Structures are given as C-alpha cells and as structure tokens.
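Listed below are the residues making up each chain.
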Amino acid sequence: MRTSAVLFRNELLKATKRPATIVTLGLFAFLLCMIAGSSYYQALLHPERGGFILPAAWPGLLDDPGVPSAFFAAILLILLVDSEFSWRTARQNVIDGLSKAQWFGGKLVLFALVCLGCVGLHLLVTGSVAASGSFHIAGGIRTLVRGSDLRMMGADLLMVAGLGSVAMLAAFAARSSGPAMALFFFYVALGERMLALVLSRMGGAVASAVAFLPMKLFTSLPEPARWDPAAFQKAVAAAAKHGHPPPDFSDTTLLVWVGIAEIVVLLTAAFLVYRRRDL
Amino acid sequence: MNVIETAALTKRYGAQLAVDGISFTVERGQVFGFLGPNGSGKTTTIGMLLGIITPTAGRIRLFGMTGRKGLHQGRRRTGATLENPNFYPYLSGSDNLRVVANVKGASRRSIDEVLQLVRLADRKRDRYQTYSLGMKQRLALAATMLGDPELIVLDEPANGLDPEGMKEIREIIADLAAAGKTIFLSSHLLLEVERTCSHVAIIRRGRIIRQASVREITTGTTVAELRGAAPAAIASALEAYPESVSVQVDGDTALVELRDDDLAALNRYLSGRGVYLSHLTARQRSLEEVFMQLTGDEEAPALEGAA
Ligand SMILES: Nc1ncnc2c1ncn2[C@@H]1O[C@H](COP(=O)(O)OP(=O)(O)OP(=O)(O)O)[C@@H](O)[C@H]1O
Ligand SMILES: [Mg+2]
C-alpha cells in the first residue's frame, strides 16, 4: 500500500513538472478548443439543425478529434517513459530501492494518469464549450449526460488506453523516444494494414482475426452509431439510401472484452521486454 | 559481519569477460576502495551488486542475505551511485531528492539536512540541468545519504572534479566513515584511494589481483634509498645483505627492498664492508608502486588531481 502511494506521488510530481507534459496537453487542449469552437459557431449560424446543446452534442464532441486524440496520450507516454531510460533515472530509481516490478508499476500508474488525463481534458474542454453553448442557445441544461454518452466516453477511454498500450510496448522495446515514436506511428499508419493484408490472404478463421487487430479494434469502438440511438438511426438511413445492409453492432460487447484483454497482453509484453534486459 | 560478500562473480558480454570470477568481502565499518584502470570491470561489478546488471555466474550476499528477496532487502539498506549522477534535469535539486526520499521512506527534513551536508542548500531550488559537474556529484552523494543507509556504494565519486572538489568529497566520505557507515567506492585514482580508504582491492581485466588493507599493502616491506661515492660497490654489497629482497640501481641511487625496517643494522653491515654512505633513508611504498608492480607500468592509473 505504501509503495503504491509512493509510486503515485512520484509519477504525479515528475509528470506535472515536466515541460513536455504541459506542451503536449496544451496543444491537445488548443485543438479541442478549435474543434468545439467551430461546432459552436456552426450551431449559431444554423440554429435549425438542432444546435449545440448538451446532452445531444456529446456523441459529436467525443467523436470529433477522433483517433488523433489518442495520439496525444501515446506521444506523452513515450516521452515520459523513454526519458527515464535516456536520463538513466530508470536505473537510479532501482538503485534507490524500487524493485524492477515496482518501477514498472510506477509506469502503470503513469499510464493510467495519462489516459485518464487526456480523456478528462477532452471532456472538460469540449464539455465546457458545449455547456456555454447550451446556455446561450437553449437557455440551460436539463440533462448533462445520458447513459449512452457515458458508455461512449468509456469506449473513448478504451481507445486511448488501447493505443496507449501499443505506445507503451513501443516505448519499452525501443527505450528511446525517437525510435519508439517511429515504431508506434509505423504500426498505426502502415504496419497493421500490412499485417491485415497478410492475414486476410490466409483466409478462414485467420482472416476474421483482422477485426481484432489493435488499431482496427480500438478505433472502431468509439463510433457514435455504436452507442447513440440517434446516430444509429442516421447510420441505418444512410445505409438504406446506398442500398447497403444496415450496420450491425452486435459485436460491441465482444470487442470491449477483447480490447481489455489486448491492453493486458500489450502491457504484460512491455513488462517482460523491460525485465529481460539490464538497465 | 560481512556487509558485502561475492563469490566467483562473473559477467560476460558476448565474447568479452567484463568481470571474471571476482570474490571479495567488505566488513562493517570499512572504507573499501575498488581500484582499477578504465575498463577493468568496476562499474560492471557494482552494477551486479546493485541488482541492475544480471550476473552471468557467481553469488552475492548483502548483509548476509541472498536470493532475489534477500538482496532486495539488502539494497534497501544501501545508498548508491553508478557512473554519472542520474537525475531528472528539469526538476530542482530538492525535487529530485524528494523523488529519492519518497522511494526510501526518508523524511522531508532529511532532504534539507543532506543538502546542507553537501553544501547545496542555497541552490536547491535551481533546476538540476543548471548545476555544474561538481554540484551534480555532490547532489548524487546527498541522494545516497537519504534514508540513513548502512552501506554507501560510490562509483568514481571524484570523477571529473577539480582538486578542491575532490577534497570536499573526501571530507564528506571521511565524515560518513566516522559516523560508522560502511563505504565501498571505486576509483581509477590511486591517490584518492590511498587517502580515503582503509582497505583496497586491485582489479585488472575483470580479476582481483590483490586485496588487503591499505596499510598492509603500503608498509608490507621497507624500501631504503642509498647514495654514496661508489654506487656499484653499494649495489654488490646490498646483494649480499641477508635481509635484502631485491636491489635496483637508478642513476647514483641504489634502492633496496628489505625484509625488515632496521636501517641502523643495514648501515652497520655496509660500513663493516668498507662501504660508506652519504645518504640513507627509508621510503614508504605508495599504493602506486604496488599497483605498478602488480599490473605493469602501462596499466598504471592516473595520478591526476593529486591535491
Ligand atoms: N553493456 C555492455 N556491453 C558490452 N560490453 C560492456 C558493457 N558494459 C561494459 N562492457 C565492457 O566491460 C568491460 C568493463 O567495463 P566497466 O564499465 O565495468 O569498466 P570500469 O572499470 O567501470 O571502467 P571505467 O574506469 O572506464 O569506468 C569493458 O571492457 C567494457 O567495454
Ligand atoms: Mg566505470
């Protein structure tokens, strides 16, 4: 118990005093302000579209920066983890009395802090812009969030944690932030597609695993139509218009559990890679 | 009680044997110098003691404990640095020590105390990256003292310091030793070890070639320095002297290594053979001479910073 408190205090101190954290989160907040601000502006221009009112605005706010919002968490994790290796503080922390497992535990604390911090910032910034929009346009907020919004927020957190754990594995494999980012973005932009191509060529059960590759799985989770009834109706209508079969989201529960399992596997792999090598 | 004990400790990097079957013991209260030239395996050995380099073979005991758990417990009673000081450059000196103190369970007050000891109190709010090398070394020393460890392990604590800085480090180490701590330090500087340490192990190419107390090594035998009108006659008379171990002639000076330290007897013996001296003194062997003898001249560590 004492150890977890120590790890939490130290990770919080190191992360919050780090200029890189402030810059990364600052950029993320700026991006969110821009996006939410422009939605607000559109809503003022076209009040007939239903506008920028909570809670109906949540799915759009959560979906809008999309996958890139997870990249901020990934970059921050790589920067914070790998600088411990380049400054050799990873080594010194162990010399000072943490076991290697405890040290890794500290990085799990950091992982949780960064994922929750990024999603929290997202909700806070876009939510407060939308709240002021709601007051301005509708004169108040009757309901702040609905159950479906909360579930979608959870899915968003799962996406950030999922891509974050890919970044953790890259960070521990490379132990240097430049190569780790190269590794991460290569996988996210290209590597997984190449892998998917190979798997789908093999056909059968192997080909169906493509849907469970981390990037594909985690980025498809926070889709609004998966969680929000209104968005779902829209998707059904759009599919009908183009003569497509209606979208099927019956796999959502399965994807959530597989996603959680993948996070556990990726973080465990990061630990094994870390433990095997000398500091 | 043995604070550190190693048996046949070995580390192999590919074809390279960085540490080759090292066995030594450090007892409570000793200031133990681990002396060797660059690349001889000092850092690798200390890294294994501290648990951040996995040994290829061999055993380690700390405070009599071994095994993953036992060594972890022993390491929690140890304060240590390895190679260069390692700190977070963007944090202040005192924030860096806060990180260490949290891990070691040391109090906030002890941070100020150790900063005072290493004379960094007035710079504690400045970021670490603005510190000079000497200040970084002193902060590292301060960090090792947090949590009041029984054993302090320092890898080249005087590395890169000027004579004044080395003197300060020496004084701090002397204070720690006086407070009853066991100290294990590595160095490639003979004079530093000679001045600081009570015991020494000399390491070369991954092997310990001599281990003893500094006094034992430097006063094991007496070397007498002789000059007179006829150096050749002095030398041949010395060869015949029963107590002489070896004789060397260096210009007009003859050096003789004696089994005893009775110079009066030597003088009587020589004058008895009609050899008269203009000069006769005993010379204490320095660690450097022992080192040279053991390792060969090209391996002699630097004498720099001999303040
Ligand atoms: N990670 C590593 N991989 C390969 N070889 C290594 C590694 N670390 C050390 N060595 C080798 O092991 C030998 C001993 O190195 P070590 O750093 O222990 O020497 P040292 O006595 O501390 O030297 P110095 O006085 O220069 O600090 C050297 O030949 C070095 O090249
Ligand atoms: Mg070294």
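Residues numbered from 1 in each chain as written. Chains lettered and ligands numbered in written order. Predicted model: local features only at pLDDT ≥ 70, side-chain atom pairs only at ≥ 80, totals over all residues. Heavy atoms only, no water.

### With respect to the interface of chain B and chain A
The accessible area lost on association of the parts is a frequent measure of interface size.
Right, on to step 1. Taken together, the contact between chain B and chain A spans 25 residues of the former and 25 residues of the latter.
Right, on to step 2. Applying the counting rule to chain B against chain A returns four salt bridges.
Right, on to step 3. For the pair chain B and chain A, the interface holds 15 residue pairs in polar contact (both at pLDDT 80 or more).
Right, on to step 4. Here the side of chain B that touches chain A takes seven residues from helix 3 (residues 93-104) of chain B, the largest share from any one element. (Contact = heavy atoms within 4.5 Å. Salt bridge = Lys/Arg side-chain N within 4 Å of Asp/Glu carboxyl O. Polar contact = N/O pair within 3.5 Å; in protein donor to acceptor, adjacent residues only side chain to side chain. Helix = DSSP H or I, 4+ residues; strand = E, 2+ residues; numbered from the N terminus.)

### What about the nonpolar core?
Right, on to step 1. Within the largest apolar cluster, 102 residues are counted, with the highest numbers of intra-cluster contacts made by Phe-172, Phe-184 and Tyr-274 of chain A together with Ile-4, Phe-24 and Phe-184 of chain B.
Right, on to step 2. With 14 residues, helix 7 (residues 147-174) of chain A is the single largest residue contributor to this core.
Right, on to step 3. In this view, Phe-172 of chain A contacts Val-81, Phe-85, Trp-103, Phe-104, Lys-107, Ala-270, Val-273 and Tyr-274 of chain A; residues no more than four positions away in its chain are not counted.
Right, on to step 4. Of all hydrophobic cores here, the second largest spans 45 residues; its members include Met-145, Ala-158, Ile-183 and Leu-190 of chain B. (Core = buried A, V, L, I, M, F, W, Y, C linked by side-chain atoms within 4.5 Å. Buried < 20%, exposed > 50% of the residue type's maximum accessible area, 1.4 Å probe, protein only.)

### Focus: the site of ligand 1
All names here are of chain B.
Right, on to step 1. The local shell around ligand 1 consists of Tyr-13, Gln-16, Ala-18, Pro-37, Asn-38, Gly-39, Ser-40, Gly-41, Lys-42, Thr-43, Thr-44 and Glu-156.
Right, on to step 2. In this structure, Gly-41 approaches ligand 1 through a main-chain N or O atom, which is 2.9 Å from an oxygen atom.
Right, on to step 3. Within the contact set of ligand 1, an oxygen atom lies 3.2 Å away from a side-chain nitrogen or oxygen of Glu-156.
Right, on to step 4. Broken down by secondary-structure element, the contributors of at least two residues to the shell around ligand 1 are strand 2 (16-27) and helix 1 (42-49).
Right, on to step 5. Broken down by element, the residue count for the shell around ligand 1 peaks at three residues, all from helix 1.
Right, on to step 6. In terms of residue class, the shell around ligand 1 is built from three nonpolar, seven polar and two charged. (Near = heavy atom within 4 Å. Nonpolar A, V, L, I, M, F, W, Y, C, P; charged D, E, K, R; others polar.)

### Let's talk about the sheet that holds strand 11 (residues 244-250) of chain B
Residues and elements named next belong to chain B.
Right, on to step 1. An order of 11-12-10-13 is seen for the four strands of this open sheet, with the pairing classed as antiparallel. Two strands in the sheet have a free side with no partner beyond their single neighbour: strand 11 and strand 13 (277-283). Adjacent strand axes in the sheet meet at a mean angle of 20 degrees, parallel and antiparallel pairs treated alike.
Right, on to step 2. Note: strand 10 (residues 222-228) against strand 12 (residues 253-258), six bridges, orientation antiparallel. When the bridges of strand 12 are listed, Ala-224 appears paired with Val-256.
Right, on to step 3. Sitting on the sheet, helix 10 (residues 263-272) is in contact with strand 10, strand 12 and strand 13, with an inclination near 150 degrees to strand 13. (Pairing = 2+ DSSP bridges. Axes fitted to C-alpha atoms, helices over the stretch in contact; angles between N-to-C directions.)

### What about helix 10 of chain B?
Residue and element names in this part refer to chain B.
Right, on to step 1. Within helix 10, the full set of buried residues consists of Leu-263, Ala-265, Leu-266, Tyr-269 and Leu-270. For helix 10, the buried positions fall inside an angular range of 155 degrees around the axis, keeping them on one side. Opposite the packed face of helix 10, turned more than 90 degrees from it, sit the exposed residues Arg-268 and Gly-272.
Right, on to step 2. Buried positions along helix 10 lie against strand 10, helix 9 (231-240), strand 12 and strand 13.
Right, on to step 3. Structurally, the start of helix 10 carries an N-cap: the backbone nitrogen of Ala-264 is 3.4 Å from a side-chain oxygen of Asp-262.
Right, on to step 4. Among the residues trailing helix 10, Gly-274 stands out with phi positive, at a value near 75 degrees. (Arc of directions from axis to C-beta.)

### What to know about the sheet that holds strand 3 (residues 31-35) of chain B
All names here are of chain B.
Right, on to step 1. In spatial order, the strands read 5-6-7-3-8-9; together these six strands make up an open sheet with mixed pairing. Both edges of this open sheet fall to strand 5 (78-80) and strand 9 (207-213), since each of them pairs with a single strand only. Strand-to-strand, the axes of this sheet are offset by a mean angle of 15 degrees, without reference to chain direction.
Right, on to step 2. Pairing between strand 3 and strand 8 (residues 199-204): four bridges, direction parallel. Opposite Gly-33, over in strand 8, you have Val-200 as the bridge partner.
Right, on to step 3. Strand contacts of helix 5 (residues 133-145): strand 5 and strand 6 (151-155), with the helix running at about 155 degrees to strand 6, the strand carrying the most contacts.

### Observations concerning a positive patch on the surface
Right, on to step 1. Positive charge collects at one region of the surface, where Arg-2 and Arg-9 of chain A together with Arg-76 and Arg-108 of chain B lie side by side.
Right, on to step 2. Following the sequence through the fold, Arg-108 of chain B ends up in helix 4 (residues 108-117).
Right, on to step 3. By relative accessible area, Arg-108 of chain B is classed as exposed at 59%. (Patch = residues over 30% accessible without salt bridge, like charges linked within 9 Å, V, L, I, M, F, W, Y side chains within 5 Å. Areas by Shrake-Rupley, 256 points an atom, 1.4 Å probe, with all protein chains shown as cover. Lys, Arg positive; Asp, Glu negative; His and termini not counted. Charge placed at Lys NZ, Arg CZ, Asp CG, Glu CD.)

### Regarding the environment of Met-215 of chain A
Residue and element names in this part refer to chain A.
Right, on to step 1. Locating Met-215 in the fold gives a position in helix 10 (residues 214-220).
Right, on to step 2. With relative accessibility at 15%, the residue Met-215 sits in the buried group.
Right, on to step 3. Residues Met-215 and Asn-93, 122 residues apart in the sequence, show an inter-C-alpha distance of 33 Å.
Right, on to step 4. Those residues within four positions of Met-215 in sequence are excluded, and the remaining contacts are Val-67, Leu-163, Val-188 and Glu-192.

### Focus on the packing of helix 6 (residues 100-138) of chain A against helix 7 of chain A
All names here are of chain A.
Right, on to step 1. It is at 10 Å that the axes of helix 6 and helix 7 come closest, and there the two elements cross at 140 degrees. The angle between helix 6 and helix 7 places the two elements in the oblique class. Read as a crossing pair, helix 6 and helix 7 show a hand that is right-handed. Residues Trp-103, Phe-104, Lys-107, Phe-111, Cys-115, Leu-116, Val-119, His-122 and Leu-123 of helix 6 lie in contact with helix 7, whose contacting residues are Met-153, Asp-156, Leu-157, Val-160, Ala-161, Gly-164, Ser-165, Met-168 and Phe-172.
Right, on to step 2. Tallied by class, residues from the contact of helix 6 with helix 7 come to 13 nonpolar, three polar and two charged. (Parallel < 35°, antiparallel > 145°, perpendicular 65-115°, else oblique. Left-handed = near helix turned anticlockwise from the far one by under 90°.)

### Considerations on a nonpolar patch on the surface
Residue and element names in this part refer to chain A.
Right, on to step 1. Judged by side-chain polarity, Phe-186, Leu-190 and Met-194 come together as a nonpolar surface patch covering roughly 300 Å² of accessible area.
Right, on to step 2. Tracing the backbone shows Phe-186 in helix 8 (residues 177-202).
Right, on to step 3. Taking relative accessible area as the criterion, Phe-186 reaches 44% and is therefore assigned partly exposed.

### Brief notes about the packing of aromatic side chains
Right, on to step 1. Inspection of every chain in the model, using the stated rule, returns 25 aromatic pairs over all chains.
Right, on to step 2. Clustering of aromatic rings is evident, with ring pairs tying together Phe-85, Trp-103, Phe-104, Phe-172, Phe-271 and Tyr-274 of chain A.
Right, on to step 3. The aromatic ring of Phe-63 of chain B is capped on one face by Arg-77 of chain B, whose charged end is 4.1 Å from the ring centroid.
Right, on to step 4. A cation over an aromatic ring shows up here: Lys-136 of chain B above the ring of Tyr-128 of chain B, its NZ or CZ 5.4 Å from the ring centre. (Phe/Tyr/Trp six-rings, centres within 6.5 Å; stacked < 30°, edge-to-face > 60°. Lys NZ or Arg CZ within 6 Å of the ring centre and 35° of its normal.)

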